[in-house]
Amino acid sequence: KHTKYSMSIKKNYKIKPDKLEKFISTVYEKCKLSKKHASIVAKGLVRADVRGVWSHGVVRAPIYCQRILKKVANPKPKIKIKKIQKNILHVDGNNGLGFITSSVAMNECVKVAKKYGVGIAGIYNSNHFGMAANYLEIATKNNCIAWVFTASSPALPPHGAMAAHFGTAPFAFGSPTGNKNKPFILDMACSAVARGKLKFAAKSGKKIPFGLALDKFGKPTNDGAKAFEGIMLPFGGMKGAGISWMMDIIGGIFTGANHSGNVKNQFGNNFSGPANVGHFMICLKADLFQNKNQFLKKMEYGIKKVKKLKLAKNFKEILHPGEPEYRKEQMIKKQGIILSEDIVKDLNELGDSVGVKSPF
């Protein structure tokens, strides 16, 4: 016999990554993306869930589809690459999804970095690119070190202001290590919490901890909906705020994309036109100054030395950036991705809207 409480308990669903990826890819093909581009988007979204970064995973699949269907993002971009120098690229994304423009740009960066030691790409006329680690992994798998920057829509206040103006754009850095499958990946938002988590909390009616955001009137809130519509707080006070301003300069002003609070919010209902998001990438050959084996041995030495340090209270071990995600991946490969009932409901509705049978 069901009680009122038991009826309110929500179910979780388990699915294999390849099965989920196939479904998402088919959905994007129905949204008029080429098979190749649909696969890039699907891989990028599912990869986030595999690494445990669910805020940038398939929970966002409907958002990008909606922008395509509303004709403010281009499903068939003709991406143009202009060589400023032999190893410096300016990429016009033609309003394509950020997954596609950024994957193309990073792969080109890797090519020129392997040839000249350094590859740089500035991207404009793009859209939100999901998890920055996706592009860092392209570099690290090719024995390259990389930095990824991006501009994003207003969410954070500059230090001293009480209005959302700069984005939560990630500061992202990747390096190969002695284990090709376990690179050093630092991918962190400038905000105290990922904006995608606030979006999900807003939709599901969940509470959030105080200290992450303010409502639109500038008052502290633990209401997910009020937080998402309000002002997110930067991590580390003025330090996080300063980094978000730097991201706007590098990802927006420098690349020729929108900036200074003019990037359109891709997670609200702003379908007034293209977002014109900008991204910036730097890629270096890891063996630029020494041979590959020397670099990787030194990376492993550095990691092992850190792991032997005296542990802080309540810690059992020290992990390098990217290692927790690697462990999550190993677990998910065995048990599958676990999705909440709310996410599955959205994916079912997305599949129905484009005529694709849901795997759930």
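Below is a summary of the structure that appears in this document.

Quick look at a nonpolar patch on the surface
Then step 1. There is a patch of nonpolar side chains on the surface, built from Trp-245, Ile-249 and Ile-253 and spanning about 300 Å² of accessible area.
Then step 2. For Ile-249, the position within the fold is in helix α9 (residues 238-253).
Then step 3. According to the relative accessible area criterion, Ile-249 is partly exposed, its value standing at 39%.

Some points on the packing of helix α2 (residues 17-30) against helix α12 (residues 341-354)
Then step 1. Closest axis-to-axis distance for the α2/α12 pair is 9 Å, and the angle between their directions is 40°. Considering the angle they form, α2 stands oblique to α12. When you trace α2 past α12, the crossing you get is left-handed. Facing α2, whose interface residues are Leu-20, Phe-23, Ile-24, Val-27 and Lys-30, α12 presents Leu-347, Leu-350, Gly-351 and Val-354.
Then step 2. Its residues placed into classes, the contact of α2 with α12 shows seven nonpolar, one polar and one charged.

Comments concerning helix α6 (residues 133-140)
Then step 1. Burial analysis of α6 places eight of its eight residues in the buried class, which makes it a mostly covered element.
Then step 2. Among all positions in α6, only Ala-133, Asn-134, Tyr-135, Leu-136, Glu-137, Ile-138, Ala-139 and Thr-140 are buried.
Then step 3. Packed against the buried residues of α6 are α3 (35-50), α5 (98-116), β5 (144-150), β6 (171-175), β7 (184-188) and β10 (277-285).

Re the pairing of strand β4 (residues 118-126)
Looking down a regular strand, the side chains alternate between one sheet face and the other.
Then step 1. Taken together, the five bridges between strand β3 (residues 88-92) and β4 define a ladder with parallel strand orientation. Looking at β4, one finds that Ile-88 is bridged to Ile-120.
Then step 2. What joins β3 to β4 is α5, and the crossover it makes is right-handed.
Then step 3. Bridge analysis of β4 against β10 gives seven bridges, and the strand direction is antiparallel. Paired with Val-118 across the two strands is Leu-284, which belongs to β10.

Topic: the sheet that holds β7
Then step 1. On the basis of which strands lie adjacent, the open sheet formed by seven strands has the order β2-β3-β4-β10-β5-β6-β7 and mixed pairing. Of all the strands in the sheet, just β2 (80-85) and β7 have a single pairing partner and so form its edges. Here the strands of the sheet are splayed against their neighbours by 15° on average, with no regard to which way each runs.
Then step 2. In this sheet, β3 lies alongside β2 in antiparallel orientation, the contact comprising five bridges. When the bridges of β3 are listed, Lys-80 appears paired with Asp-92.
Then step 3. Packing against the sheet, α6 makes contact with β5, β6, β7 and β10, and its axis sits at approximately 160° to β5.

Concerning empty space enclosed by the protein
Then step 1. Applying the stated criterion across every chain, the model contains one cavity of 30 Å³ or more.
Then step 2. In this structure, the largest cavity encloses a volume near 40 Å³.
Then step 3. Along its surface, the largest cavity is lined by Ala-151, Ser-152, Gly-167, Ala-169, Ser-244, Met-247 and Asp-248.
Then step 4. Residues of the lining of the largest cavity, tallied by class, amount to three nonpolar, three polar and one charged.

Details of unusual backbone geometry
Then step 1. Unlike most non-glycine residues, Asn-276 shows phi in positive territory, near 50°.
Then step 2. Relative to the helices and strands, Asn-276 is located in the loop between α9 and β10.
Then step 3. For Asn-276, a relative accessible area of 14% corresponds to the buried category.
Then step 4. The phi torsion at Asn-314 lies on the positive side, around 75°, for a residue other than glycine.
Then step 5. Along the chain, Asn-314 turns up in the loop between α10 (292-307) and α11 (323-335).

Notes on the layout of surface pockets
Then step 1. Its volume calculated, the largest pocket comes out at about 730 Å³.
Then step 2. As for the largest pocket, its lining consists of 44 residues, and the residues nearest its centre are His-56, Asp-187, Met-188, Ala-189 and Ala-194.
Then step 3. Elements supplying a minimum of two residues to the lining of the largest pocket: β7, α7 (195-204) and α11.
Then step 4. When its residues are assigned to classes, the lining of the largest pocket shows 22 nonpolar, 15 polar and seven charged.

Looking at the pattern of salt bridges
Then step 1. Under the counting rule described, the total for this entry stands at 11 salt bridges.
Then step 2. Glu-137 is the partner of Arg-47 in a salt bridge, and the nearest nitrogen-oxygen pair spans 2.8 Å. Of this pair, Arg-47 sits in helix α3 while Glu-137 sits in helix α6; the two residues are 90 residues apart in sequence, bridging distant segments of the chain.
Then step 3. The buried category is assigned to Arg-47, whose relative accessible area is 19%.
Then step 4. On the basis of relative accessible area, Glu-137 is assigned to the buried category, the value being 9%.
Then step 5. Between Lys-307 and Glu-323 there is a salt bridge whose closest N-O contact spans 2.9 Å. Residue Lys-307 is found in helix α10, and its partner Glu-323 is found in helix α11; the two are separated by 16 residues along the sequence.
Then step 6. Connected via shared salt-bridge partners are Arg-47, Arg-51, Glu-137, Glu-329 and Lys-333.

Structural notes on the environment of Met-281
Then step 1. Structurally, Met-281 can be placed in strand β10.
Then step 2. C-alpha of Met-281 to C-alpha of Met-106: the two residues are 175 residues apart in sequence and 7.1 Å apart in space.
Then step 3. For Met-281, the contacting residues outside a window of four places in its chain are Ser-102, Ala-105, Met-106, Cys-109, Gly-119, Ile-120, Ala-121, Ile-123, Tyr-135, Trp-147 and Val-148.

What counts, and where the lines are drawn
- Residues numbered from 1 in each chain as written.
- Predicted model: local features only at pLDDT ≥ 70, side-chain atom pairs only at ≥ 80, totals over all residues.
- Heavy atoms only, no water.
- Patch = residues over 30% accessible without salt bridge, like charges linked within 9 Å, V, L, I, M, F, W, Y side chains within 5 Å.
- Areas by Shrake-Rupley, 256 points an atom, 1.4 Å probe, with all protein chains shown as cover.
- Salt bridge = Lys/Arg side-chain N within 4 Å of Asp/Glu carboxyl O.
- Helix = DSSP H or I, 4+ residues; strand = E, 2+ residues; numbered from the N terminus.
- Buried < 20%, exposed > 50% of the residue type's maximum accessible area, 1.4 Å probe, protein only.
- Axes fitted to C-alpha atoms, helices over the stretch in contact; angles between N-to-C directions.
- Parallel < 35°, antiparallel > 145°, perpendicular 65-115°, else oblique.
- Left-handed = near helix turned anticlockwise from the far one by under 90°.
- Contact = heavy atoms within 4.5 Å.
- Nonpolar A, V, L, I, M, F, W, Y, C, P; charged D, E, K, R; others polar.
- Pairing = 2+ DSSP bridges.
- Right-handed = clockwise from strand over helix to strand, strands pointing away.
- 1 Å grid on protein atoms, 1.4 Å probe; cavity = no way out; pocket = protein on both sides within 12 Å on 5 of 7 lines; lining within 4 Å.
- Points joined across faces, edges and corners; volume = space filled by probe spheres on them.

Function cannot be inferred from these measures alone, as they are strictly geometric.
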